[in-house]
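So the chains spell out like this:
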Amino acid sequence: MTQTNRLAKLVKATAKFPKGIRSTLWSKAFGRVVPMVGTAHIKYIEVSPSQVIVEIKNHRAMQNHIGQLHAVAMALLAETATGFVTGMNVPDTSIVLIKSIQIDYKRPSKGDMRAVATLTDEQIQLIQNSDKGETLVTVVITDETGQEPVQCEMLWAWVSKDRLKSK
């Protein structure tokens, strides 16, 4: 049985709006909650408990010295997608935290980028039914040519808020 936390309820409440309006609402709201996401102008394209798709434009504030998206902007894109899909499933009694990030830059990127983070049904069940745990979240990052200039692995952990307070 799928549990619904406050974040998932918020996303569900926007379902009645057209897709473009939903995307704008998510991007503005979550950009306020996580200021770096707002500063980078990351756009939420699709949000569900099993998949989150986000995009970032190749704009000046996020570029490196050769006009491509900065390496850290690519990492932020991956972290945003994987963290959000994990956060959609963590019970309200727990907090989600990034545990490790592995990023391999394969080739120069071209233009705007998109990250697609996905959880399996087994991962969702584990997250929703455990007070503490960790899972490796799959993320595919492509540039505007459709190629994957970067490969990432994001390990997310969650722990009960009560456990954090007792330490």
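Structure first, text after, so check above.
Calculation rules
Residues numbered from 1 in each chain as written. Predicted model: local features only at pLDDT ≥ 70, side-chain atom pairs only at ≥ 80, totals over all residues. Heavy atoms only, no water. Salt bridge = Lys/Arg side-chain N within 4 Å of Asp/Glu carboxyl O. Helix = DSSP H or I, 4+ residues; strand = E, 2+ residues; numbered from the N terminus. Buried < 20%, exposed > 50% of the residue type's maximum accessible area, 1.4 Å probe, protein only. Pairing = 2+ DSSP bridges. Axes fitted to C-alpha atoms, helices over the stretch in contact; angles between N-to-C directions.

Moving on, we get to the pattern of salt bridges. Inspection of every chain in the model, using the stated rule, returns six salt bridges. When the shortest N-O distance is used, the salt bridge between E46 and K19 registers 3.5 Å. One end of the pair, E46, is in strand β1 (residues 43-47); the other, K19, is in helix α2 (residues 19-33), with 27 residues separating them in the sequence. What makes E46 partly exposed here is its relative accessible area of 27%. R114 is the salt-bridge partner of E55, the closest N and O atoms lying 2.4 Å from each other. Taken together, the residues span a long stretch of sequence, with E55 in strand β2 (residues 51-56) and R114 in strand β4 (residues 113-118) at a distance of 59 residues.

So, about the sheet that holds strand β5 (residues 132-143). Through backbone hydrogen bonds, the strands of a sheet pair up, either in parallel or in antiparallel fashion. In spatial order, the strands read β1-β2-β4-β5-β6-β3; together these six strands make up an open sheet with antiparallel pairing. Single-partner strands in this sheet number two, and they are β1 and β3 (94-105). For this sheet, the mean angle separating the axes of adjacent strands, direction not counted, is 20°. Pairing between β2 and β4: six bridges, direction antiparallel. When the bridges of β4 are listed, V52 appears paired with A117.

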